[in-house]
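# Topology and contacts: notes
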Amino acid sequence: MKKHGIILLLIFSFFALESHLYAAKIRVKPSDSLQKLIDKSVAGDTLVFTSGTYPVTGLVIRKSLSLLGENHPVMDGQGKGNIFLVAADNVLIRGFKFINTGKSNMDDSAAIKFFDSKNCTIENNILEETFFGLHFSNSSGMTIRNNEVRASAVREFEVGNGIHLWKCNNNLIENNQVSGHRDGIYLEFVTDTEVQENLIQGNMRYGLHFMFAHDNTYRKNTFRRNGAGVAVMYTKNVTMVDNRFEENWGSSSYGILLKDISDSEVTGNTFQKNTVGIYMEGSSRIEFKKNTFRDNGWALKLMASCDQNLFQANNFSNNTFDLSTNGNLVLNTLKENYWDKYEGYDLNRDTIGDVPFRPINLYSVIVEKIPASVMLWRSFMVTLLDRMEKILPTMTPDEMIDHSPKMRPYDFS
């Protein structure tokens, strides 16, 4: 048996060496027939595209190839459809500029579209005025790194998503810049994927959008001036760590929208200058720790359909409203948070306030039920109402209380 194993190993080594010896490095210029070159190449070949503009639509890649661009050669789709179509494993696409895909929701026209692929890398590319930027279906082990994906459409239906994954798993989306699309990054039926250190700004709907996408992590991303920062829907086991949500303003805009999610973690994030920092509906068993809420309209909107969530050791500073809800039944826990509106004292100097804090004021309850009443903000009547509610609470939820408020803000640096 040992002898047979050695023989098999030698055979596999021979074929691997033979494949390496026959792999070629092919230089490509704009006048070449790209599809013929791709079809004649063998798995393992490297195609080096020289600088210039290549009119190309629907280029099909069905074998393991490396495509490298020199000085970002331009792949011009001429507005006719997809530019590259990939159905192969171990494909590398690096250093190109893609422009002018078609604009079709029927086939989701994209600069690069992957089908049933594994272990491919797409890095250091520029995508401008593409309908969808990078589109992946039923693929795994994809690395999407250091790409710039930009569009300038003015209405949602005129553009697709920047980076779009459907039924994919075990992927890395890292250090990309995405702007001007419908959703910056869209994940549907996607699992075990890392989204980290991306700059997602100026997208029309969501910076990052999860749908039925379990067991994923996003960390150290910046979501700025999108229709809303991140939407996580119908999902469980999501880790959201060390992200920044900035200037997501609008009548229905949020830093994070959490709808029907569970068993997740929101830690170390900064929510600054958003209409709503976090909006939660139908969500359970989520831990919110070491987050900073600063200069938001509402720091938290916690709907009555949420339960068993923990808010611990967070900073709330200079928000118009720290917390609001639409019901009286409280099934969530607040503890050891810093609230800049807290007016209590600390006689034993243990840094914990001796008097519990109620973060929901009466005016926020009224605004939740009658949105037009926000016009009365900063009026004497509002001040009077809130003072009366503090003395004799009647309309705010009885148990929405932080029994151990911190006297000083946490230093998360």
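It should be emphasised that the depicted structure is a prediction, and the values quoted were computed from it without experimental measurement. (Residues numbered from 1 in each chain as written. Predicted model: local features only at pLDDT ≥ 70, side-chain atom pairs only at ≥ 80, totals over all residues. Heavy atoms only, no water.)

## Examining the overall build of the protein
Filter applied, for reference: Where helices and strands are cited, they refer to DSSP runs of H or I of at least four residues and of E of at least two residues respectively, numbered from the N terminus. Each residue's exposure class comes from its accessible area (1.4 Å probe, protein chains only) as a fraction of the maximum for that residue type: buried when under 20%, exposed when over 50%, partly exposed otherwise. Methods summary: accessible areas were calculated by the Shrake-Rupley approach with a probe of 1.4 Å, and residue burial reflects only the protein chains presented.
Looking only at helices and strands, the protein has 4 helices and 38 strands in total. When the 413 residues of the protein are sorted by exposure, 51% land in the buried category. By element, 54% of the accessible surface of the protein is carried by carbon and sulfur atoms, the whole surface being about 19100 Å².

## A few points about the environment of D32
This is how it is decided: In this analysis, two residues are considered to be in contact whenever any of their non-hydrogen atoms come within 4.5 Å of each other. Definition of a polar contact: a pair of N or O atoms within 3.5 Å, with one able to donate and the other able to accept a hydrogen when the atoms are protein atoms, and with sequence-neighbouring residues admitted only if both atoms are side-chain atoms.
Considering the arrangement of structural elements, one finds D32 in the loop between strand 1 (25-28) and helix 2 (34-40). For D32, a relative accessible area of 22% corresponds to the partly exposed category. C-alpha of D32 to C-alpha of Y54: the two residues are 22 residues apart in sequence and 9.0 Å apart in space. Beyond its immediate chain neighbours, meaning those up to four positions away, D32 contacts R27 and L37. From its side chain, D32 meets the backbone nitrogen of K29 in a polar contact 2.9 Å long.

## Section: the pattern of salt bridges
Stated formally: Salt bridges, as used here, are contacts in which a Lys or Arg side-chain nitrogen is within 4 Å of a carboxyl oxygen on Asp or Glu.
Scanning all chains against the criterion turns up 20 salt bridges. The partner of R155 in a salt bridge is E158, and the shortest N-O contact between them spans 2.6 Å. By relative accessible area, which is 22% here, E158 ends up partly exposed. The residue R224 makes a salt bridge to E246 at a minimum N-O spacing of 2.9 Å. Here E246 lies in strand 27 (residues 244-246) and R224 lies in strand 24 (residues 222-224), a separation of 22 residues in the sequence. Given a relative accessible area of 22%, R224 falls into the partly exposed group. Given a relative accessible area of 11%, E246 falls into the buried group. Taken together, the shared-partner salt bridges connect R94, E123, R145 and E174 into one network.

## Describing the packing of aromatic side chains
Formally: Whether two aromatic rings pair depends on their centres lying within 6.5 Å, for rings of Phe, Tyr and Trp, where Trp uses its six-membered ring; planes under 30 degrees apart make the pair stacked, over 60 edge-to-face, and the rest tilted.
By the definition in use, this model includes 22 aromatic pairs. An angle of 90° between the planes, with centres 5.1 Å apart, marks the rings of F84 and F98 as edge-to-face. With F84 in strand 7 (residues 84-86) and F98 in strand 9 (residues 97-99), this residue pair connects regions lying 14 residues apart in the sequence. Each member of the pair F84 and F98 is classed as buried. The rings of F210, Y218, F223, F245, F271, F293, F316, W339, Y342 and F357 are connected pair by pair, giving a single aromatic cluster.

## Details of the pairing of strand 33 (residues 298-302)
Quick note on the threshold: Strands were regarded as paired on the criterion that DSSP finds at least two bridges between them.
Burial runs high along strand 33: 5 of the 5 residues are buried. In terms of strand pairing, strand 33 meets strand 36 (residues 321-324) through 3 bridges, oriented parallel. The partner of W298 across the bridge, within strand 36, is F321.

## Observations regarding a nonpolar patch on the surface
This is how it is decided: What goes into a patch is any residue over 30% in relative accessible area without a salt bridge, connected to like charges within 9 Å or, for nonpolar side chains (Val, Leu, Ile, Met, Phe, Trp, Tyr), within 5 Å.
On the surface, a cluster of nonpolar side chains totalling about 350 Å² of accessible area is made up of W166, F189, F212 and Y234. Topologically, F212 is positioned in the loop between strand 22 (206-211) and strand 23 (216-219). Here F212 falls in the partly exposed class, since its relative accessible area comes to 33%.

## Focus: unusual backbone geometry
Positive phi, normally seen in glycine, also occurs at D192, with a value near 50°. In this structure, D192 sits in the loop between strand 19 (183-188) and strand 20 (194-196). On the accessibility criterion, D192 (41% relative accessible area) is partly exposed.

## Some words on the side chain of T101
Considering the arrangement of structural elements, one finds T101 in the loop between strand 9 and strand 10 (110-115). Excluding anything up to four places from it in sequence, T101 contacts G79, K80, G81, I83, S109, A110, A111, E129, T130 and F131.

## Concerning the confidence of the model for the protein
Short version of the rule: A residue's pLDDT is the confidence the predictor assigns to it, expressed on a 0 to 100 scale.
In the predicted model, the protein carries a mean pLDDT of 89, and the fraction of residues at 70 or more is 85%. Low pLDDT, under 50, characterises residues 8-21; the predicted model gives this stretch 1 contact beyond four residues in sequence or across chains.

## Structural notes on the environment of M280
The topology assignment puts M280 in strand 30 (residues 276-281). The exposure class assigned to M280 is buried, which follows from its relative accessible area of 0%. The spacing of M280 and I261 is 19 residues in sequence and 9.1 Å in space, taken between C-alpha atoms. Residues contacting M280, with those up to four places away along its chain left out, are L258, I286, F288, K301, L302, M303, C306, N309 and F311.

## Concerning the pairing of strand 31 (residues 284-289)
For strand 28 (residues 254-267) and strand 31, the ladder comprises 5 bridges, and the chain directions are parallel. From the neighbouring strand, S262 faces strand 31, where its bridge partner is S284.

## Some points on the side chain of S109
Here S109 is to be found in the loop between strand 9 and strand 10. Look at S109 and you get buried, because its relative accessible area is 1%. Engagement of the side chain of S109 in a polar contact is seen with the side chain of D107, the distance being 3.0 Å. With residues up to four places along the chain from it excluded, the contact list for S109 reads G81, N82, T101, G102, K103, S104, F131 and F132.

## Considerations on the environment of R145
Within the secondary structure, R145 sits in strand 14 (residues 143-145). Overall, the relative accessible area of 25% leaves R145 in the partly exposed class. C-alpha separation for the pair R145 and I122, spaced 23 residues apart in sequence, amounts to 6.4 Å. Sequence-distant contacts of R145, that is, excluding residues within four places in its chain, are made with I122, E123, N124, L172, E174 and N176. A polar atom in the side chain of R145 sits 3.2 Å from the side chain of E174.

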